[in-house]
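The residues making up each chain are set out below.
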Amino acid sequence: MSYPRTFSHIGLSVPNLEQAVKFYTEVMGWYVIMEPAEVVEDDSAIGVMCTDVFGKGWGKFRIAHLATGDKIGIELFEFPENEKPENNFEYWKTGIFHYCVQDPDVEGLVEKIVEHGGKQRMPIREYYPGEKPYRMVYCEDPFGNLVEIYSHSYELTYSEGAY
């Protein structure tokens, strides 16, 4: 039987966990549900689980858990000796290249992102100019993760089915 699954969480890799927690709580308004903690490669349940995912030799990392206003989880990972990719927007490669948040005050959120070290990647655009007030923009957080901002819900934006 097929049915729509709900979205649980997304994991973001960041170079500095404390700075990321500060950015996401102050700019996005998300709240901390688990303070930053260290996870080490050992025989604990979490250690074994991470070895299953990363393979042997991962050593340790730091993690914090946040939640959005609609109860979506945000896992923030800080790995030792992390590297910022030369091009963080390789949209032509398979995989996740952005996440999206919804805020009716698109301009205000863009301004906060920029004030806190992020950047605006494009002008704010209308999806249906002259017809509907649906707007969007791509930004980047201070850690290189791409964030899209919608003025309206995903369902409203795409319910017409065509551009």
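The structure we're discussing is the one just above.
Residues numbered from 1 in each chain as written. Predicted model: local features only at pLDDT ≥ 70, side-chain atom pairs only at ≥ 80, totals over all residues. Heavy atoms only, no water.

(A) Representation of the side chain of Ser153 within the structure. Among the secondary structure elements, Ser153 is positioned in the loop between strand E9 (146-150) and helix H4 (154-158). Here the side chain of Ser153 touches Leu156 through a polar contact of 3.1 Å, landing on its backbone nitrogen. (Helix = DSSP H or I, 4+ residues; strand = E, 2+ residues; numbered from the N terminus. Polar contact = N/O pair within 3.5 Å; in protein donor to acceptor, adjacent residues only side chain to side chain.)

(B) The arrangement of the pairing of strand E8 (residues 135-140) in detail. Within E8, six of the six residues are buried, which leaves the element mostly enclosed by the surrounding structure. Because side chains alternate across E8, one face comprises the buried residues Arg135, Val137 and Cys139, and the other comprises Met136, Tyr138 and Glu140, equally buried. Both strand E7 (residues 125-126) and E8 contribute to a ladder of two bridges, which runs antiparallel. Bridge pairing in E8 links Glu126 to Arg135. Hairpin connection of E8 to E9: five residues between the antiparallel strands, including Gly144 at a positive phi of 95 degrees. (Buried < 20%, exposed > 50% of the residue type's maximum accessible area, 1.4 Å probe, protein only. Pairing = 2+ DSSP bridges.)

(C) Quick look at the environment of Asp105. Secondary-structure assignment places Asp105 in the loop between strand E5 (99-102) and helix H3 (106-115). Sequence separation of Asp105 and His65 is 40 residues, and the distance between their C-alpha atoms is 26 Å.

(D) Layout of a nonpolar patch on the surface. A cluster of nonpolar side chains, namely Tyr31, Ile33 and Met34, defines an oily patch on the protein surface of about 290 Å² accessible area. In this structure, Met34 sits in strand E2 (residues 31-40). (Patch = residues over 30% accessible without salt bridge, like charges linked within 9 Å, V, L, I, M, F, W, Y side chains within 5 Å. Areas by Shrake-Rupley, 256 points an atom, 1.4 Å probe, with all protein chains shown as cover. Salt bridge = Lys/Arg side-chain N within 4 Å of Asp/Glu carboxyl O.)

(E) Fine view of the pattern of salt bridges. This structure, assessed with the given rule, holds eight salt bridges. When the shortest N-O distance is used, the salt bridge between Lys22 and Glu26 registers 3.1 Å. Taken together, the positions of Lys22 and Glu26, both in helix H1 (residues 17-26) and four residues apart, correspond to about one turn of that helix. We classify Lys22 as partly exposed; its relative accessible area is 48%. Residue classification places Glu26 among the partly exposed residues on the basis of a relative accessible area of 36%. We note a salt bridge from Glu38 to Lys60, for which the minimum N-O separation is 3.8 Å.

(F) Spotlight on unusual backbone geometry. Phi is positive for Lys71, which is not a glycine, with a value near 70 degrees. Take Lys71: it is sitting in the loop between strand E3 (60-67) and strand E4 (73-78). Exposure remark for Lys71: the relative accessible area of 71% places this residue in the exposed category. Phi at Glu81 takes a positive value of approximately 50 degrees, unusual for a residue other than glycine. Secondary-structure assignment places Glu81 in the loop between E4 and E5.

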